[in-house]
Amino acid sequence: MEFLKIDGVRKNYRDVTAVGGVSLSAREGEFVVFVGPSGCGKSTLMRLIAGLEEVSAGRIHIDGAEVTHHEPAKRGVAMVFQSYALYPHMNVRENMSFGLKMIKTPEKEIYQRVSDAAAILKLEELMERRPKELSGGQRQRVAIGRAIVRKPKLFLFDEPLSNLDAELRGEMRGEIARLHKELGVTMVYVTHDQVEAMTLADRIVVLRAGLVEQIGTPADLYDKPINTFVAGFIGSPKMNFMPVDVVEVHPQALRLSHPALGLFNMPSERTGAVSVGATLSLGLRPEHLMLSPDALLDTLKIQVTSDYVENLGGSSQFYTWAADGSRVIALVQGRHTANKGSALEFGIALSKLYLFDAQGHAL
Amino acid sequence: MWFLAPAVLTLFAIGIYPTLFALVTSMRKYNLTRARDGFPFIGLENYHTVLTDSTFWQTLWRTARFFMTVMPVEIALGVVIALLLHKPGLSFIRSLVRVSLVVPLATTYAVVGLIGRLIFNRDFGVANQFGNWLGFESLDWLGNQAGAFAAIAMMDIWQWTPFCALIFLAGLSMVPNEVEEAARLETSSYFALLRHVQLPYLLPGFTAMLILRSADVLKLFDMVFTMTRGGPGAATDLVSVYIQRVGFRIFDMGVASAQAILLLILTIFISRLFITLFYREIDA
Amino acid sequence: MIYKHFGRLLHLLSLLLFLAFTLFPFYWMVSSSFKDQTDLLASPPVWTFVPSMAHYAEVWQDEKVFAAIHNSLIVASATTFLAIVLGAPAAYSLARFQFQGKKDLWFWFISNRMISPIVLALPVYLLAQSVGMLDTHLVLILIYLSFCLPIVVWICTDQFRSIPPDLEQAARLDNANQWDIFWRIYVPLGVPGIAVSAIFSFIFSWNELLYALVLTRSNVQTAPVIATSYMSGYELPWGKIMATGTLIVLPVTVFALFVSRHMVRGLTMGATK
């Protein structure tokens, strides 16, 4: 059953279209992540779901009821803000009780719920403190606690981890995942960090310039991106793109050529639309490139010139140039060095190659 | 150090020196119309005269009453206007109103009094015209005690409500957007939002208003002087108007100086009081 | 949906109501100054009328009014100038340097605003009289300084405090001396605050009545004093009064409208701290 349904939602501001016709749905209990570069409309979309802004067109349904024009407080939605947005003059307990007090919940029940939430989030010691006396991570947990207490139908997170330092971020990511498992509530999470998206999501919605690029599970997006944008966005470091020319077209394969790659065959199902002489984009993920290529079949060899190598401790990141000027970045296990200007050879399994047409669509 | 010196010296010369002079004068018999009597030192006798002068106490009481009349109205209206200006939408009108708020503040206080005199005139003043439209009889505003008091109160409200509104507006705009939004997600009640989220940000402004306005009311002279001269009778005789009369109509400088010094002490005392009672810091 | 539109309508109406409230007395004064004598004294008062310049002609011919405006201009400008010249450096010093008793000094500066003018008026009158300074521009300028200087210091200190101290460190590394730092860094960056305090000083000096009334006789009467001088007798020359009032108030009000944004900043600066 579609628990959250967004139908043709648009949002215009004067001459800017922040969200242009987005439709998607989420099942009950699902963890959906909206991801995309800044300005892609992900936060706006979330605010529309929350009711903090009015849609210019389209409809929103939550748990079967249409809430498109409902006030925020009446949608059964709770939100964790990027800046936590705790009430500065109330202590932790009051912050968490506020929502329930407003709907006239009996005192005893408020106390019970707040204590439960505090226990889940390990806030028991901090109940009497004010926000300004708390650290970033603690404030975050209070913000989450404030949301849990209301037992909302839908949980919204607006880039909650961006203000935390790296170590804390990893820890909180785990906390949020654990919370989702325990509570089983439908969650919508907005972030620009694809690592968060990949690790937390049941499904990811990739947005760009107000439109949906692709919706799918993390695995789907990684293995089968539908265009170069999604392919480049998911995965870190970014996928390498190299322009290849079509030399021959066969029903089940294409013969492609590139100065650094030589001539090679690549199996493909959709060869119909491709013509000889066309230029396509070949995608290679840095983590799939191997340094000492074995003489295995189905391995493509790449000749590059080394620029510099970054030592990451257990792995090394190579920055290199191909003959035609394309940048090729490789992420290889182990500690390696290379002199600037020296010739290197990488290998990549054919099955790990991605192919995109001139418009950037996947083939 | 030298940056500071010129200013300090100037203020010292202009501020402290006369104040000390006033202090000394307050302890002498200093009536300019009886210069023949000389200006002997009489210690605290002037203060005694002042403190036992029932007119003086009545004047103080009257000034306090004035303050208690205009303050609640100015604060209430100020909050309402601030809320109206803070609410999004209708941006052109809102900017227009915001800019126009400056007009009453820049208007010469003396002229405000003159305008007031015209508006509240029994025969050709608009106040009575408005009253008639609403079904009331024409009043001789400036000719009767209650009317005059009300008239100066209304002019003061007109002049200072915008100031109140601007201060409160500044307070409201300090509420972080996301905190307001978080509250909107938890309640749809406008009043709950007002009370729990916005009020704490209005409190410092409220304190500032109290302090500034109480000092101002004690100083209020220009508008009252031109509008009623303190009359009829003593209906609008506020403290500063009274002291000016004692000093420059009756020319009893000694007594007037004593009154002024007492007023100074009162002003300092009141501002301290308000600060300790009402001031709460807002923590981000 | 209808509810939303109704809310908007209410919002609009209340704003318009307050707009009318804010501008009414001002409007009444200006419109009255253009009414001819019969319209002016009409009972009940008229709202539509044929405008007449008679009162302004009257005022034009009265040289005292122009002298008064001229005096106000001199006094206000001089006061503002001096207040800035003395106050800005002081503000810089208070904003940046640490020294004993700084807090008290600052408090003393500020509290000068609280003092009722009456307190100073009397002794200043006596002092001025003994030195023969009554009825001069100078005495007014000096006394107005006592009010304007704290305002300049208050606002400018606030302004200067918000300038990042790193700039000063960088300048010092470039061998700038104290004066250079002040003049080349703080003054340019502090222009908003300086401008605001200048505006307030000017407006205050222009509008001030009490001291002007007390300390001037016939030579240096300022505009507000002139306005009140008509107030004797039974048949008040309302037209002339309103015209004079308009002339006095108009320049400053128009000025204020132009700089209203800055004024608002200045008013609220420090008041919400």
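From a predicted model like this one, the values you see are computed outputs, not experimental measurements. (Residues numbered from 1 in each chain as written. Chains lettered and ligands numbered in written order. Predicted model: local features only at pLDDT ≥ 70, side-chain atom pairs only at ≥ 80, totals over all residues.)

Asks: Sorry if this is basic, but what is going on with the overall build of chain C here?
Replies: Of the regular secondary structure elements, chain C holds 14 helices and zero strands. Starting at the N terminus, the α and β elements of chain C follow one another as α-α-α-α-α-α-α-α-α-α-α-α-α-α. Looking at chain C as a whole, 47% of its 273 residues are labelled buried. Residue pairs at least 24 apart in sequence account for 81% of intrachain contacts in chain C once pairs closer than 6 positions are excluded. (Helix = DSSP H or I, 4+ residues; strand = E, 2+ residues; numbered from the N terminus. Buried ≥ 20, exposed ≤ 12 C-beta atoms within 10 Å, placed from the backbone. Contact = placed C-beta atoms within 7 Å.)

Asks: Looking at this structure, I do not really get the overall build of chain B. What am I missing?
Replies: Each helix and strand counted, chain B has 13 helices and zero strands in total. Element order for chain B, N to C, with α for helix and β for strand: α-α-α-α-α-α-α-α-α-α-α-α-α. Across its three principal axes, chain B shows a C-alpha extent of roughly 80 × 60 × 35 Å. A total of 284 residues make up chain B; the buried ones form 50% of that total. When contacts within chain B are restricted to residue pairs at least 6 apart in sequence, those whose partners lie at least 24 apart make up 67%.

Asks: Looking at this structure, how should I read unusual backbone geometry?
Replies: Backbone phi values are negative for most residues with the exception of glycine, while trans is the configuration of most peptide bonds. Residue and element names in this part refer to chain A. Between serine 236 and proline 237 the backbone carries a cis peptide bond, its omega angle lying at 0°. At alanine 85, a residue that is not glycine, the phi angle is positive and equals roughly 50°. Relative to the helices and strands, alanine 85 is located in the loop between strand S6 (77–80) and helix H2 (92–102). A positive phi angle is found at lysine 104, which is not glycine, with a value near 60°. Within the secondary structure layout, lysine 104 lies in the loop between H2 and helix H3 (107–120).

Asks: Looking at this structure, I do not really get the pairing of strand S10 (residues 211–216) of chain A. What am I missing?
Replies: Consecutive side chains of a regular strand alternate in pointing toward one face of the sheet and then the other. Residues and elements named next belong to chain A. As judged from the five bridges shared by strand S9 (residues 203–208) and S10, these two strands associate in the antiparallel manner. Within the sheet, the bridge partner assigned to arginine 208 lies in S10 and is leucine 211. Counting the residues between successive antiparallel strands, the hairpin from S9 to S10 contains two residues, one of them, alanine 209, with a positive phi of roughly 50°. (Pairing = 2+ DSSP bridges.)

Asks: Where do I start with the arrangement of the chains in this structure?
Replies: Contacts are most numerous between chains B and C, considering all two pairs of chains that are in contact. Over all C-alpha pairs, chain A and chain C never come within contact, reaching a minimum spacing of 8 Å.

Asks: Teacher, can you tell me more about the interface of chain C and chain B here?
Replies: With 72 residues of chain C in contact, the opposing surface of chain B contributes 77 residues. Ranked by residues supplied to the side of chain C that touches chain B, first place goes to helix H1 (residues 2–33) of chain C with 14 residues. Across the side of chain C that touches chain B, the residue classes tally to 54 nonpolar, 17 polar and one charged. (Nonpolar A, V, L, I, M, F, W, Y, C, P; charged D, E, K, R; others polar.)

Asks: So what exactly am I meant to see when it comes to the sheet that holds strand S7 (residues 154–158) of chain A here?
Replies: Each strand in a sheet pairs with its neighbour through backbone hydrogen bonds, running either in the same direction (parallel) or in the opposite one (antiparallel). Residue and element names in this part refer to chain A. Overall, mixed pairing links the six strands, which are arranged S6-S7-S8-S3-S9-S10 in an open sheet. The sheet is open, and its two borders are formed by S6 and S10, each paired with just one other strand. Going from strand to strand, the sheet's axes swing by 20° on average, the running direction of each strand aside. Where strand S3 (residues 31–35) meets strand S8 (residues 186–191), five bridges bridge the pair, whose relative direction is parallel. Each residue of the ladder has a partner; that of phenylalanine 34, found in S8, is valine 190. (Axes fitted to C-alpha atoms, helices over the stretch in contact; angles between N-to-C directions.)

Asks: What is the right way to look at the confidence of the model for chain B in this model?
Replies: One rule of thumb: low pLDDT means the predicted coordinates there are not for detailed reading. Chain-level pLDDT for chain B is 80 on average; 93% of the residues reach the 70-or-more range. Per-residue pLDDT stays below 50 along residues 280–284 of chain B; that stretch engages in eleven contacts with residues further than four places along the chain or on separate chains. (pLDDT = per-residue confidence, 0-100.)

Asks: It is not clear to me how the packing of helix H8 (residues 145–172) of chain B against helix H10 (residues 190–219) of chain B should be interpreted in this structure. Could you clarify?
Replies: Helices that pack against each other are described as a pair by the angle of their axes relative to one another and the distance between those axes. Residue and element names in this part refer to chain B. For the pair H8 and H10, the least separation of the axes is 8 Å and the interaxial angle reads 145°. For the pair H8 and H10, the sense of crossing is right-handed. Residue-level inspection shows Trp160, Cys164, Ile167, Phe168, Ala170, Gly171 and Leu172 of H8 in contact with H10, the latter providing Gln198, Tyr201, Leu202, Pro204, Gly205, Ala208, Met209 and Arg213. The residue inventory of the contact of H8 with H10, partitioned by class, reads eleven nonpolar, three polar and one charged. (Left-handed = near helix turned anticlockwise from the far one by under 90°.)

Asks: Is there a simple way to think about the interface of chain B and chain A in this case?
Replies: Where interface size is given, it is often the accessible area lost as the parts come together that is meant. Taken residue by residue, the interface counts 18 residues in chain B and 20 residues in chain A. Secondary structure elements with two or more residues in the side of chain B that touches chain A: helix H9 (177–186) and H10 of chain B. Split into classes, the residues belonging to the side of chain B that touches chain A amount to nine nonpolar, four polar and five charged.

Asks: Explain the sheet that holds strand S16 (residues 315–322) of chain A here, please?
Replies: All names here are of chain A. Spatially, S17-S16-S15-S18 is the arrangement adopted by the four strands of the open sheet, whose pairing is antiparallel. Edge positions in the sheet fall to strand S17 (327–333) and strand S18 (343–349), since each has one partner strand and no second. For this sheet, the mean inter-axis angle between neighbouring strands, taken without regard to orientation, is 50°. In terms of strand pairing, S16 meets S17 through seven bridges, oriented antiparallel. Within S17, the residue paired with tyrosine 319 across the bridge is isoleucine 329.

Asks: Would you explain the environment of valine 175 of chain B in this entry?
Replies: All names here are of chain B. Following the sequence through the fold, valine 175 ends up in the loop between H8 and H9. With 20 C-beta atoms counted inside 10 Å, the residue valine 175 sits in the buried group. For the pair valine 175 and arginine 28, spaced 147 residues apart in sequence, the C-alpha to C-alpha distance is 54 Å.

Asks: Looking at this model, I keep getting lost on the nonpolar core. Mind explaining?
Replies: Judged by nonpolar contacts, the single largest core of 262 residues is most densely connected at Leu156 of chain A together with Val152 of chain C. Per-element tally for this core: the top contributor is helix H7 (residues 137–161) of chain C, with 17 residues. Per-domain counts for this core show at least three residues from each of domain 1 (2–233) and domain 2 (240–356) of chain A. Those residues in contact with leucine 156 of chain A, other than ones at most four positions away along the chain, are Met46, Ile49, Ala50, Val77, Ala78, Met79 and Val188 of chain A. (Core = buried A, V, L, I, M, F, W, Y, C linked by C-beta atoms within 7 Å. Domains from an automatic or database assignment.)

Asks: Help me understand the confidence of the model for chain C in this model?
Replies: When pLDDT is averaged across chain C, the result is 79; 89% of the residues are at 70 or more. The ipTM, which scores confidence in the relative placement of chains, is 0.76 for this predicted complex, and the corresponding pTM is 0.79.

Asks: Got a minute to help me understand the environment of glycine 147 of chain B in this structure?
Replies: All names here are of chain B. One can find glycine 147 in helix H8. Once the C-alpha coordinates of glycine 147 and valine 197 are considered, the two residues, 50 residues apart in sequence, prove to be 40 Å apart. Excluding residues that lie within four positions of it along the chain, glycine 147 makes contacts with Leu139, Asp140, Trp141 and Leu142.

Asks: I keep staring at the packing of helix H1 (residues 5–25) of chain B against helix H4 (residues 63–96) of chain C and nothing clicks. Help me out?
Replies: Put simply, H1 of chain B and H4 of chain C touch, their axes get as near as 7 Å, and they point 120° apart. On the basis of their axis angle, the class for H1 of chain B and H4 of chain C is oblique. Crossing hand, H1 of chain B versus H4 of chain C: left-handed. Counted together, Pro6, Ala7, Val8 and Thr10 of chain B of H1 of chain B and Leu86, Gly87, Pro89 and Ala90 of chain C of H4 of chain C form the full contact between these two elements. Its residues assigned to classes, the contact of H1 of chain B with H4 of chain C comprises six nonpolar, two polar and no charged. (Parallel < 35°, antiparallel > 145°, perpendicular 65-115°, else oblique.)

Asks: Explain the pairing of strand S4 (residues 57–62) of chain A here, please?
Replies: Residue and element names in this part refer to chain A. Pairing geometry for strand S1 (residues 2–13) and S4, over five bridges, is antiparallel. Within S4, the position partnered with lysine 5 by the bridge is histidine 61. With two bridges connecting them, S4 and strand S5 (residues 65–66) associate as antiparallel partners. When the bridges of S5 are listed, isoleucine 62 appears paired with alanine 65. Counted along the chain from S4 to the antiparallel partner S5, the turn is two residues long, and its residue aspartate 63 has a positive phi close to 55°.

Asks: I keep staring at the environment of proline 259 of chain A and nothing clicks. Help me out?
Replies: Tracing the chain through its elements places proline 259 of chain A in the loop between strand S12 (253–258) and strand S13 (262–267). Non-local contacts of proline 259 of chain A, meaning those with residues more than four positions away in its chain, are made with Ala322, Ala323 and Asp324 of chain A.

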